[in-house]
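# Descriptive structure summary
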Amino acid sequence: KTEKVKLEIIKELNHTKNIELFLNDYAGEDYELLMNCANAIKNLSVQEKKKLTVDDILIFLPVKKGTIPPFEFINDMINCNTVKALEKLRRTLDNHHALVAMLFIKRKIEELYHDKVLRLSNITSFKDRAEIIGANIWAIKNLPNTSNIKIEVLESLVLLVNNAEDSLKGGSQIQEANLFLETVVTKIIIALKYNIKVY
């Protein structure tokens, strides 16, 4: 019955399939996690609901007081500060589902990869690269310098994060999602710091 109630709540929101899958994974067996989200957006028009992204949905999901934003660890991760990255990741996972953190990890790694590809294609303008990637121009400007990182390394990281996301969504049996995510972040740092493929 719990699963049925959860799916009914999600269906009533008239979201895209991508958001439905995210909410389903996020809620797990606790459909009450979706109630604030449902109440906040049920009065939006169908068109407004269809324009919502996973990022928009995140602000409606419940968190504890004093929590840090679920993307706070990302800059430390891509700047290879292992201690700070893992510390902030653990604080994030105290209050957010692992899939929320995974969303930001995947996005940042794909930004790094696509930005590298575009720069290798002689697209030098931050604005042009941001538009092509579909990212905020400041996010692209603040990416670390990957000129010395081999494209094969970034390709391996894209493969790593996509497989990790699939595993978190049920593609394989994971006993401890938080520990699994710490391992993923550590592998990313090792790859970027030492310029080696990890997958």
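Remember, predicted model here, so these are calculated numbers, not experimental data.

About the cut-offs
Residues numbered from 1 in each chain as written. Predicted model: local features only at pLDDT ≥ 70, side-chain atom pairs only at ≥ 80, totals over all residues. Heavy atoms only, no water. Helix = DSSP H or I, 4+ residues; strand = E, 2+ residues; numbered from the N terminus. Buried < 20%, exposed > 50% of the residue type's maximum accessible area, 1.4 Å probe, protein only. Contact = heavy atoms within 4.5 Å. Areas by Shrake-Rupley, 256 points an atom, 1.4 Å probe, with all protein chains shown as cover. Expected span 1.5 Å × (residues − 1). Core = buried A, V, L, I, M, F, W, Y, C linked by side-chain atoms within 4.5 Å. Salt bridge = Lys/Arg side-chain N within 4 Å of Asp/Glu carboxyl O. pLDDT = per-residue confidence, 0-100. Polar contact = N/O pair within 3.5 Å; in protein donor to acceptor, adjacent residues only side chain to side chain.

The next point concerns the overall build of the protein chain. When helices and strands are counted, the protein chain shows 12 helices and 0 strands. Counting helices and strands in the order they occur from the N terminus, the protein chain gives α-α-α-α-α-α-α-α-α-α-α-α. A buried classification covers 41% of the 199 residues belonging to the protein chain. Across the protein chain, the fraction of contacts at a sequence separation of at least 24, relative to all contacts at a separation of at least 6, is 71%. Accessible surface, the protein chain as shown: approximately 11,300 Å² in total, 50% of it carbon and sulfur.

Turning our eyes to something else, we now look at helix α8 (residues 98–120). The terminal C-alpha atoms of α8 lie 33 Å apart, and with 23 residues this matches the ideal 33 Å at 1.5 Å per residue to within 8%. Extensive coverage of α8 is indicated by the burial of 17 of its 23 residues.

Residues Leu23, Met77, Ile105 and Ile188 are the most contacted members of the largest nonpolar core, which totals 57 residues. By residue number, the principal contributor to this core is α8, which donates 11 residues.

This next bit is on the pattern of salt bridges. Side chains carrying opposite charge are able to pair once their charged atoms draw close together. Evaluated as defined, the whole model comprises 7 salt bridges. Residue Glu111 pairs with Lys108 through a salt bridge whose shortest N-O separation is 3.0 Å. Of the two residues, Glu111 and Lys108 are both situated in helix α8; the distance of 3 residues between them amounts to about one turn of the helix. Note on Glu111: relative accessible area 7%, which makes it buried.

Our next topic: the confidence of the model for the protein chain. Averaged over every residue, the pLDDT of the protein chain is 86; the share at 70 or more is 94%. Ranking the elements of the protein chain by mean pLDDT puts helix α5 (residues 54–58) last, at 73, and helix α12 (residues 177–194) first, at 96.

Topologically, Asp76 is positioned in helix α6 (residues 74–78). Residue Asp76 is classed as buried on the basis of its relative accessible area of 13%. At 2.8 Å, the side chain of Asp76 forms a polar contact with the side chain of Lys88. In this view, Asp76 contacts Asn81, Lys84, Ala85 and Lys88; residues no more than four positions away in its chain are not counted.

A few words on the environment of Ala164. Checked against the element boundaries, Ala164 lands in helix α11 (residues 151–171). Setting aside its immediate chain neighbours within four residues, Ala164 contacts Met102, Phe180 and Val184.

Within the secondary structure, Glu182 sits in helix α12. Its relative accessible area of 15% is what places Glu182 among the buried residues. A distance of 2.9 Å separates a polar atom in the side chain of Glu182 from a polar atom in the side chain of Arg90. Ignoring sequence-local partners within four residues, the contact set of Glu182 consists of Leu86, Leu89 and Arg90.

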